[in-house]
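# Inside the fold
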Amino acid sequence: MGKLSFSLKPNFLGLLKFLNSFNWFIVFFSLVNLSVCIYEDQIGKFDWRQSYVGRIKFAQFDTVSTAKKIIVATEENVLAALNLKTGQVVWRHVFESASTGNIELLHVAEKVVTVSGSNPYLVRGWDSATGVLLWEWSLTLQNNDQAEFSEWFVENSALVHMLPVFGSHIEVSMYNLMTGQNRGSTSKLPALWTNEGCVLSAPYYTCLSGNPGSHLLISMDLTSNAVQLISKPLSQLITNEYDSSLRSLDGNSIVPGFILGDKKISMIKNNEFDFLSVELMDPSASVAIVDSSNGLIILQIWSDDEKGFFITGHSLATGKEVAEIRRPASGLSIPSPEISAVTCGTSRDVQPCRLLVTAQDDASHLLHQNGRVVWTREEALASVVAAEFVDLPVSDLDAAIESEFDQKEGSVWAAFSRRLQQQWQQLRTFLASLQAGEQRDHSQPLVRDYFNLHKMIVILTDVGKIFGIDNLTGEIVWRRYERGVDASRAVFYTRRHASLLTVVAAHEETGNGLIISFNPIDGSLAGERRMQLDTRLLQCTLLNKPDQEKLHALVLLDSEENVQVLPRSAAVHVDNTFMYVADKSTAKIQGYALRYDGKEVVAQKTWSLNLAGGGAGFGPDGDSGAHRIVGVWPKPSAERAHSPGRVLGDRSVLYKHNNPNLVLVLTEARDLHHKESWVVAMCVDAVSGAVVTSQVQRRARALPLAVHSDNFLAYVYYSEKHRRPEIATLELYEGQERWLEAGAAFSSFASNNKMALVSRAAYVLPALPAAAALTRTERALAARHVLLALTTGAIVEVPWAYLEPRRPVTPTPEQREEGLIPYAPELPLPAEAVINYNQTLHRITNIYTAPSGLESTSLVLAAGLDLFYTRVAPSKTFDLLKDDFDYYLIAIVLSALIVATYSTKYFASRKLLKMAWK
Amino acid sequence: MELYASFILIVGLIHQVLCAANSIEEDIGNGRNIIEGRVFPPEEQNINGWQINTRIHVNGGEYIGFIRDDGTFVIHNVPSGSYVVEVVNPDYMYEPVRVEINSKGKYRARKVNYIQTSQVIQVPYPLRMKPLSKFRYFQIREQWRLTDFLFNPMVIMMVLPLLLIMILPKMMNDPETKEDLKQIGNLAKMSEMPEMSEMFTSLFSGGSTAKSTNAKAKQVKKRQ
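Residues numbered from 1 in each chain as written. Chains lettered and ligands numbered in written order. Predicted model: local features only at pLDDT ≥ 70, side-chain atom pairs only at ≥ 80, totals over all residues. Heavy atoms only, no water.

## Remarks on the overall build of chain A
- Tallying secondary structure elements over chain A gives six helices and 58 strands in all.
- Relative to all contacts within chain A whose residues are 6 or more apart in sequence, the contacts with residues 24 or more apart total 50%. (Helix = DSSP H or I, 4+ residues; strand = E, 2+ residues; numbered from the N terminus. Contact = heavy atoms within 4.5 Å.)

## As for the pairing of strand β37 (residues 537–546) of chain A
Residues and elements named next belong to chain A.
- Note: β37 against strand β38 (residues 552–558), six bridges, orientation antiparallel. Considered in β38, the bridge of Leu542 is made with Leu554.
- Connecting the antiparallel pair β37 and β38 is a turn made up of five residues, with Lys550 showing a positive phi of about 60 degrees. (Pairing = 2+ DSSP bridges.)

## Some details on the confidence of the model for chain B
Residue and element names in this part refer to chain B.
- Residues with a pLDDT of 70 or more make up 67% of chain B, whose mean pLDDT is 73.
- Confidence scores differ between elements of chain B, with strand β1 (residues 7–11) showing the lowest mean pLDDT of 33 and strand β3 (residues 55–58) the highest of 93.
- Note on residues 1–29: pLDDT under 50 across the span, and 41 contacts to partners over four residues away in sequence or across chains.
- Counting interchain partners and residues more than four positions distant, the pLDDT-below-50 stretch residues 207–224 has three contacts. (pLDDT = per-residue confidence, 0-100.)

## So, the pattern of salt bridges
All names here are of chain A.
- If you walk through the whole model with that rule in mind, you get 31 salt bridges over all chains.
- The shortest N-O distance in the salt bridge between Arg530 and Glu482 comes to 2.6 Å. You can see Arg530 sitting in strand β36 (residues 525–532) and its partner Glu482 sitting in the loop between β32 (476–481) and β33 (485–496), a full 48 residues away along the chain. (Salt bridge = Lys/Arg side-chain N within 4 Å of Asp/Glu carboxyl O.)

## Points about the side chain of Glu379(A)
- Structurally, Glu379(A) can be placed in the loop between β28 (373–378) and β29 (384–391).
- Dropping the residues within four chain positions of it, Glu379(A) is found in contact with Tyr52(A), Val53(A), Gly54(A), Arg55(A), Asp362(A) and Ala363(A).

## Some thoughts on the environment of Ser524(A)
Residues and elements named next belong to chain A.
- Position of Ser524 relative to the elements: it lies in the loop between β35 (513–518) and β36.
- Judged by its relative accessible area of 31%, Ser524 is partly exposed.
- Each C-alpha atom of the pair Ser524 and Trp478 lies 9.1 Å from the other, and the pair is 46 residues apart in sequence.
- Apart from the residues lying within four places of it in its own chain, the contact partners of Ser524 are Arg480, Phe518 and Asn519.
- In this structure the side chain of Ser524 is engaged in a polar contact, spanning 2.9 Å, whose partner is the side chain of Asp522. (Buried < 20%, exposed > 50% of the residue type's maximum accessible area, 1.4 Å probe, protein only. Polar contact = N/O pair within 3.5 Å; in protein donor to acceptor, adjacent residues only side chain to side chain.)

## Concerning the nonpolar core
- In terms of nonpolar packing, the biggest core is built from 37 residues, with Ile70(A), Val72(A), Leu356(A), Ile459(A), Leu861(A) and Leu867(A) touching the most fellow members.
- With residues near it in sequence (within four places) discarded, Val72(A) still touches Val53(A), Ile56(A), Phe58(A), Ala59(A), Val78(A), Leu79(A), Ala80(A), Leu82(A), Leu106(A) and Leu356(A).
- In terms of nonpolar packing, the next biggest core, distinct from the first, is built from 31 residues, Leu703(A), Ala767(A), Trp800(A) and Tyr137(B) among them. (Core = buried A, V, L, I, M, F, W, Y, C linked by side-chain atoms within 4.5 Å.)

## Re empty space enclosed by the protein
Residue and element names in this part refer to chain A.
- The tally for this structure, following the rule as stated, stands at two cavities of 30 Å³ or more.
- Lining the largest cavity are Tyr580, Ile589, Trp607, Val663, Val665, Val684 and Ala686.
- Classifying every residue of the lining of the largest cavity by side-chain character gives seven nonpolar, no polar and no charged.
- Each pocket or cavity is described by its volume, and for the second largest cavity that value is around 30 Å³.
- Leu705, Ala706, Val707, Ala714, Tyr715, Val716, Ile727, Ala772, Val786 and Leu788 together form the lining of the second largest cavity.
- Put simply, the parts of the chain that give the lining of the second largest cavity at least two residues each are β49 (700–709), β50 (712–719) and β54 (785–790). (1 Å grid on protein atoms, 1.4 Å probe; cavity = no way out; pocket = protein on both sides within 12 Å on 5 of 7 lines; lining within 4 Å. Points joined across faces, edges and corners; volume = space filled by probe spheres on them. Nonpolar A, V, L, I, M, F, W, Y, C, P; charged D, E, K, R; others polar.)

## As for the state of the cysteines
Residues and elements named next belong to chain A.
- This model, assessed by the stated rule, comprises two disulfides over all chains.
- Residue pairing for Cys198: its cysteine sulfur links by disulfide to Cys207, the two sulfurs lying 1.9 Å apart. On the S-S bond that ties Cys198 to Cys207, the torsion sits near 110 degrees, and the link is right-handed.
- On the basis of relative accessibility, which here comes to 11%, the residue Cys198 falls in the buried class.
- One disulfide bridge connects Cys344 with Cys353, the sulfur atoms lying 1.9 Å from each other. Residues Cys344 and Cys353 are joined through a disulfide that is right-handed, its torsion about the S-S bond being 110 degrees.
- With a relative accessible area of 9%, Cys344 lands in the buried category.
- Under the relative-accessibility criterion, Cys353 is labelled buried at 3%.
- Numbered by order of appearance in the sequence, the disulfide-linked cysteines of chain A pair as 1-2, 3-4. (Disulfide = S-S within 2.5 Å.)

## A word on the sheet that holds β32(A)
All names here are of chain A.
- Judged by pairing direction, the sheet is antiparallel, and its four strands sit side by side in the order β29-β30-β31-β32 without closing on themselves. At either margin of the open sheet sits one strand with a lone partner, and together these are β29 and β32. Shown here is a sheet whose adjacent strand axes are inclined to one another by a mean of 15 degrees, direction ignored.
- The pairing of β29 with strand β30 (residues 455–461) spans seven bridges and is classified as antiparallel. Note that in β30 the partner of Phe389 across the bridge is Ile457. (Axes fitted to C-alpha atoms, helices over the stretch in contact; angles between N-to-C directions.)

## Thoughts on the interface of chain A and chain B
- Listed per partner, the contact involves 74 residues of chain A and 60 residues of chain B.
- Both faces combined, the contact of chain A with chain B buries some 6000 Å², and carbon together with sulfur accounts for 59% of it.
- It is Tyr39(A), Glu96(A) and Arg723(A) that lose the most area in chain A upon contact with chain B, and together they represent 9% of the buried surface on that side.
- Inspection of the chain A/chain B interface yields two salt bridges.
- The salt bridge involving Arg723(A) is made with Glu100(B); its shortest N-O contact spans 3.2 Å.
- Counting every contact that joins chain A to chain B gives eight residue pairs in polar contact (both at pLDDT 80 or more).
- Those elements giving two or more residues to the side of chain A that touches chain B turn out to be β5 (89–94), β8 (121–126), β9 (133–139), β13 (187–190), β17 (227–233), β51 (724–735) and α6 (887–917) of chain A.
- Of the residues in the side of chain A that touches chain B, the class split is 37 nonpolar, 23 polar and 14 charged. (Buried area = accessible area lost by both parts, 1.4 Å probe.)

## A word on the sheet that holds strand β21 (residues 272–279) of chain A
All names here are of chain A.
- Strand order across the open sheet formed by four strands is β18-β19-β20-β21, with antiparallel pairing between neighbours. In this open sheet, the two strands that pair with only one neighbour each are β18 (246–248) and β21. When the angles between neighbouring strand axes are averaged without regard to direction, this sheet yields 35 degrees.
- Pairing between strand β20 (residues 264–269) and β21: five bridges, direction antiparallel. By the bridge assignment, Lys264 is partnered in β21 with Glu279.

## Describing the UniProt feature "transmembrane region" (unreviewed entry) in chain A
- Under the UniProt annotation, the feature "transmembrane region" (unreviewed entry) is placed at residues 887–908 of chain A.
- Here residues 887–908 of chain A runs as 100% helix and 0% strand, with 31 Å between its end C-alpha atoms. (UniProt positions renumbered as here; feature names shortened; annotations may be inferred.)

## Things to note about the environment of Tyr175(A)
- Tracing the backbone shows Tyr175(A) in strand β12 (residues 169–176).
- Sequence separation between Tyr175(A) and Val160(A) is 15 residues; the distance between their C-alpha atoms is 6.5 Å.

Spelled out as structure tokens, the structure:
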């Protein structure tokens, strides 16, 4: 008996232990369940994707295969086939984004041939119908210095490479297109007359050469065995030869030719210049010569600021204008158009000409010869610089109801009559909505919906084109092109809720500040409109306090450290405003305090921080060990923190260090001599300049990816030691006691001499991320998830619970109760957490998130080569009925219950009656 | 006019022949290596155009390779070093491979292990990439099952009153509850539709008194 109990006892303990761990497993799996994923039938319900290719560099019509296509190669290093009828992408190949992916040549015959890279080059052949790779060979040039001037063309199924050494000679090599075997080997052609202004119109190379006043126009056939020069004195051709220049024809013209002095068009025929009788209609016109059923046609397109877009066609033989080619109806704005490709039916079947036109704003239009626009692709959206979710204005009716409650004065009767009027209005709109039914009318103005899920996405692109996109459908509502905007560092500011948005950018040429204010709902200029400043800007911010018109003033700090406030009247409101300016290359951060001295706002330097480190003395080059700033991440403005602390397992509270002025600064240094590199993360208080915490990763390379919110932050770096990407996470706490009283506003000065408790951890990422963002909800009640865009084209949602630095290696029961997951070095990135499922997104550069009216839901826009919009629910949709909620079942059950109650009542009364009779 | 007429210069053929074929080979020695291998298509035969959707990423897109019709791929111009080669397909998962090329141009391919970075499990080179499994991006909608139906709160709501109806008559046999029920019956007679609140209060108060009396009875029994 005693023996039995002896053997039982440890077993019992083991059982207890097992149960305890089981308990933990339940917690763990409930957390695993946190990673939400969608159902298969929800594809496309909340999300949309738009595929782009970038600004078209080369284009050619594929008329060989049955399905008509346009093959394009773009500035974004993308090779794609576009459907001729719809403009949609048929197939697409994305090359490397670095110079190794530059597409130098596109040649479409039976097969598509591309030359890409920059010494070494890659020659690839593609099947035009399916887009599958057929052959591939590499080519390395000996002469690396001159390689950037290389020109390529295909002649008689041989790839010709031409390398001019200006003022000396031209190297011409011919290769077998499929195998790369050097057919005729390299030949050096003496050409003392070459210079930078030469143009290639295959197979001729044409130059303007000679002393001023005695210019010669020289052209040479590169492929003929005998070197033949065609030459003509320029003075004979044009009167004013000083401003003469050469320009090539566009649109893969079928005959070699060029444009001289923006005036004369010349062909090269039978080794002679053949100047055409048709002159250039406009100095900026783009010209192509095409073959059509009625002979060769000279097509010209140009754009006039006042009169709009023009297109003309002249017959080469007769010089008469072709009547069928007409300009499109007015209203089409194509700034500085270029013919990318053109095709006309050559045989007897009456195939009209079609032109692919690329404009300065990166948009590509396919035009019919009668001026009809078949389709338009807004390729500017392939390079998004900034995006903002804007709330739609409330409908007139809702606004009226709100204003009704604002009106306090008036008698009871007046209020009553107003109420009646309102209700009559509501009834009428309700009836109208019933009549309209489900279909949405486009003429209806955009108004806010009940859950504020319907928003306007305002996107600023690199080229300076601004778009307004409906977030539910992905439709472009408005677009506006601003010339001369250097948008690379532009920022959006919401000046007035839902009605005024301001872009602060720089001017392309001068670098001076440029401010564009517009209404985000319809894209019309408003407020300051387009305002050109005469100084460069260092920093800008928005005043927290709005003025009487609910307008937030813009505070600008220029390079002379003068402060401008827009509008000027708001200068009196400047108080307690601080700014910092970080210089990336020198790694210096300067803090300013802004103050209104009765007349104007002055900026006073308050602190400065030099993060360059001691390595700066090694040398001027960037790899000497001096630090440079990789990025600066402040907290998102107008952010809410849900709770001031965390409840621990022992029922005590760990208070968060919630400093709204905290800025994460990532710096990186490389020392090539010692093969060392460091990544330093520093949390700086932007008001006082105090360094709250910092940490160093050795032998690591920084990636400009970080998230920062509430009391936590995370950043990604690449560990060169272990050759893997890692993510470092930090959480800041004040401790068990609050520093300030509950409810007191945070003050950077009051908490200056206190040390925050920092918990840190780092996790291994099994994939390389390209962009990172945090989900945002209205009141920060829902869990925070980190969205990581991977280079593979997936966006993964990682719950913060996995990234938390407080994850213990061996959890105590209290920590288990708190719900901390035991530490594991590798972060799981399961396929269920991929929010864009199998819709690959190439080269994601940014993820933008915004809260919706629903606390559970956060709106996500991923921008890169593609645009992808979806919504995520980090804590699941706790405030929404499930998608597959069974309305029928609940209705049937309820009605059945009611029927059952009444029938039992009837039967009960009958029974009572029977019993009474007994 | 003749003077200005265009003329053609014929220069002697000064062709300096360079052997480009040799130059390529020379460069391979300078650290221009290739990574080659073959991607095997997913099992399912009906997939068209899987080649177009499959890319080869080296070091997360630093070098990108495309696959041919038969699944082979070559990545050109790779300097010596260590590279993670992954096959990116939106629907199928492939295991990444680490390829190490030393300065002499020797290759070694091994499994990627981010945790134990020094662990070497060699895999054959040229690479042979086989799909591991299909990605499961979606939750599966719950199917209709009998157990689910039975444990549905709605169904329980329906079944429980039924059970109560079955049990209540048995409880009727108890004399004390009978009395309580009579009281309720009296109340029911007084008004055709009794108020819910009244019914509940009477039920609960009655129930509690009944319980207490029961407990008392038990105590009495124990004392005995």
